[in-house]
Structures are given as structure tokens and as C-alpha cells.
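Chain residues, written in single-letter form:
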Amino acid sequence: MELQLALDLVNIPEAKKLVKEVEEYVDIVEIGTPVIINEGLRAVKEIKQEFPHLKVLADLKIMDAAAYEVMKASEAGADIITILGVAEDLSIKGAVEEAKKQGKQILVDMIGVKNLEERAKEVDEFGVDYICVHTGYDLQAVGKNSLEDLATIKRVVKNAKTAIAGGIKLNTLPEVIKAKPDLIIVGGGITNQEDKRAVAAEMKKMIQQGE
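The following paragraphs examine the structure supplied in this document.

About the cut-offs
- Within any chain, residue numbers begin from 1 and follow the written order of that chain's sequence.
- Confidence filtering applies because this is a predicted model: local features only for residues at pLDDT of at least 70, side-chain atom pairs given and counted only at 80 or more, and all residues used for totals across whole chains, interfaces and linings.
- Each side-chain value is worked out from all heavy atoms of the structure, with water and hydrogens disregarded.
- Numbering of helices and strands runs from the N terminus, with a helix taken as a DSSP run of H or I at least four residues long and a strand as a DSSP run of E at least two residues long.
- Throughout, radius of gyration means the C-alpha value; the globule benchmark is 2.2 Å times the number of residues raised to the power 0.38.
- Partly exposed residues are those whose accessible area sits between 20% and 50% of the maximum for their type, while under 20% is buried and over 50% is exposed, using a 1.4 Å probe and protein chains only.
- Residues belong to one nonpolar core when they are buried, are Ala, Val, Leu, Ile, Met, Phe, Trp, Tyr or Cys, and are joined through side-chain atoms within 4.5 Å.
- Only heavy atoms enter the contact rule, under which two residues are in contact if any of them lie within 4.5 Å.
- Salt bridges, as used here, are contacts in which a Lys or Arg side-chain nitrogen is within 4 Å of a carboxyl oxygen on Asp or Glu.
- A pair of strands counts as paired when DSSP detects no fewer than two bridges linking them.
- Interaxial angles span 0 to 180 degrees and are taken between N-to-C directions of axes, which are lines fitted to C-alpha atoms, for helices over the stretch in contact.
- Seen with the strands pointing away from the viewer, any crossover whose path from the first strand over the helix to the second strand runs clockwise is right-handed.
- Directions drawn from the helix axis to the C-beta atoms are what define this arc.

**A short note on the overall build of the chain**
- Looking only at helices and strands, the chain has 11 helices and eight strands in total.
- Against the globule reference of 17 Å for 211 residues, the chain gives a C-alpha radius of gyration of 16 Å, in line with a compact fold.
- Along the first, second and third principal axes, the C-alpha set of the chain runs to 45 × 35 × 30 Å.
- With 211 residues in all, the chain has 53% of them scored as buried.

**Details of the nonpolar core**
- If you look at the biggest cluster of nonpolar residues, it comprises 66 residues, and the most contacted ones within it are I31, I83, I106, V128 and I184.
- Setting aside its immediate chain neighbours within four residues, I184 contacts M1, E2, L3, Q4, I164, I168, L173, V176, I177 and I207.
- One finds L107, A163, A165 and L183 within the second-largest nonpolar core, a separate group that totals 11 residues.

**Some remarks on the pattern of salt bridges**
- On inspection of all chains with the given rule, the structure shows 16 salt bridges.
- Across the pair E50 and K16 runs a salt bridge whose closest N-O atoms are separated by 3.7 Å. Pair noted here: E50 is in helix 3 (residues 42-50) and K16 is in helix 1 (residues 12-22), with a separation of 34 residues, a long-range link.
- Under the relative-accessibility criterion, E50 is labelled partly exposed at 35%.
- We note a salt bridge from E202 to K205, for which the minimum N-O separation is 3.9 Å. Here K205 and E202 lie together in helix 11 (residues 196-210), a separation of three residues that amounts to about one turn.
- Overall, the relative accessible area of 32% leaves E202 in the partly exposed class.
- A relative accessible area of 43% means that K205 is categorised as partly exposed.
- Overlapping salt bridges bring together K16, K20, E39, R42, E46 and E50 as one network.

**Notes on the sheet that holds strand 4 (residues 80-84)**
- Strand order in the closed barrel formed by eight strands is 1-2-3-4-5-6-7-8, with parallel pairing between adjacent strands. Strand-to-strand twist across the sheet, computed as the mean angle between neighbouring axes with direction ignored, equals 25°.
- Pairing geometry for strand 1 (residues 2-7) and strand 8 (residues 183-186), over four bridges, is parallel. From the neighbouring strand, L3 faces strand 8, where its bridge partner is I184.
- Strands strand 1 and strand 8 of the sheet are contacted by helix 11, whose axis makes an angle of about 150° with strand 1.

**Some remarks on the pairing of strand 2 (residues 28-31)**
- The alternating pattern of strand 2 places I28 and E30 on one face and V29 and I31 on the opposite face, and all of these are buried.
- As judged from the four bridges shared by strand 1 and strand 2, these two strands associate in the parallel manner. The residue bridging L7 from the neighbouring strand is I31, located in strand 2.
- You can see the chain leave strand 1, run along helix 1 and come back into strand 2, and the turn it takes is right-handed.

**Quick notes on the pairing of strand 1**
- When you tally the buried positions in strand 1, you get six out of six residues, the bulk of the element.
- Going residue by residue along strand 1, you find E2, Q4 and A6 tucked away on one face and L3, L5 and L7 tucked away on the opposite face as well.

**Observations concerning helix 4 (residues 66-75)**
- Every buried residue of helix 4 is listed here: A66, V70, A73 and S74. For helix 4, the angular spread of buried residues about the axis comes to 100°, placing them on one side.
- Check the buried side of helix 4 and you find it contacts strand 3 (55-62), strand 4, helix 5 (89-102) and strand 5 (105-109).

This is the structure in C-alpha cells:
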């Protein structure tokens with residue numbers, strides 16, 4: 001079980017400072033979509049250069065022109081690139097093909113997917129590396145979480161690793177760990193905390209104990 005730190009509302013210098021605080025407790029650093037919109041793929045490049053021992057995920061949420069965008073993120077140093085589960089089959093297959101060429105991985109974000117079980121089964125056949133259930137900000141605001149969705153995809157996913165994202169905090173982490181995803185993605189649960197290092201250390205410890 002890996003821990004991914006999601007950086008969403010920071011600029012590059014803030015991102016570096018944040019990662020420095022928690023680097024020994026996280027496995028993957030996610031350069032979130034808002035950061036990429038504000039800073040471009042330069043954010044991916046600079047974080048990878050500064051922390052070469054960590055995996056970097058570029059949360060591009062690709063919807064189209066997948067091979068090109070995967071190529072560009074790969075050139076910037078991303079180890080994992082995200083595509084949306086609602087994208088066309090051809091786009092997801094194109095992303096996988098390009099990622100394999102570049103020695104990178106693809107995470108499919110199932111945000112907004114209506115028939116989760118059916119789509120997870122289909123996407124799993126395309127050779128993607130991770131399938132992620134994701135309760136976005138807008139749904140978190142009305143009290144939704146992704147645990148039920150994780151159980152749904154775990155029933156059908158045979159090849160890919162499973163991931164969960166959306167509003168995970170220290171107090172909700174135990175039930176997430178119990179559900180045994182391969183990757184746990186935490187944003188504000190670390191980044192909005194006073195002592196980020198202590199929280200990340202505690203989360204990492206809980207994950208290791210839960211394995």
C-alpha cells in the first residue's frame with residue numbers, strides 16, 4: 001500500500017517546501033490539476049528534479065489527444081499520468097500505448113463515471129496500471145466518500161492496482177486501510193494540517209501496520 005501526496009493549491013516554491021517536509025513518508029507526489037493549470041508541466045519537471053527518489057504523478061485528467069499529452073508529461077519527468085475513465089476507449093488505449101513506450105504508468109481516474117462496475121471491468125482490460133475511485137471536491141462538500149466505490153471496483157478489477165482519493169484524513173484513514181487499496185491519495189488531510197510532517201508520519205505508520 002502506497003501513500004500519495006496530492007498538491008493542488010500551491011505554486012512551485014510552496015510545493016517544494018511541502019514535499020521537503022514529508023518526503024520520507026510519501027511514495028508518490030501528485031502535481032494536481034490546479035497546479036498544472038497555473039504552472040504548466042514545469043511543476044512536474046522541477047519536483048522530479050528536486051526529489052528524484054520519489055515518483056511523480058501528473059494529474060492531467062486527459063480526455064483527448066491522449067498519446068501526445070502522455071508524451072509531454074513523460075518528457076517533463078512524470079512517472080504516472082492520469083486519464084479520465086469517461087474518456088473514449090481509444091484515448092485510454094492510446095495513453096497506455098504511449099506510456100509503455102516511455103516506460104511510464106497510467107492511472108485512470110473514475111471521477112464522474114456513472115456505471116462504475118461495468119466501466120472498471122472494461123478499463124481493466126486496456127492494460128492500465130491503476131484504477132482510482134475519486135470523490136471530487138464538489139461531492140465531498142455534500143458528504144460523499146469513495147469507500148463504497150472502492151469495494152465496487154475491487155470486485156471486478158483483476159489486472160490493475162486500485163487507488164482511492166477524495167477527502168481522506170487521519171480519522172478516516174483506518175477504514176480506508178481496511179478496504180486494502182494499493183494506493184491511498186491524500187491532499188488536504190496532510191497539506192492543510194499544522195504539523196504536516198507528523199501527520200504524514202502517522203499515516204505512513206498506520207498504512208504499514210495495516211498491510
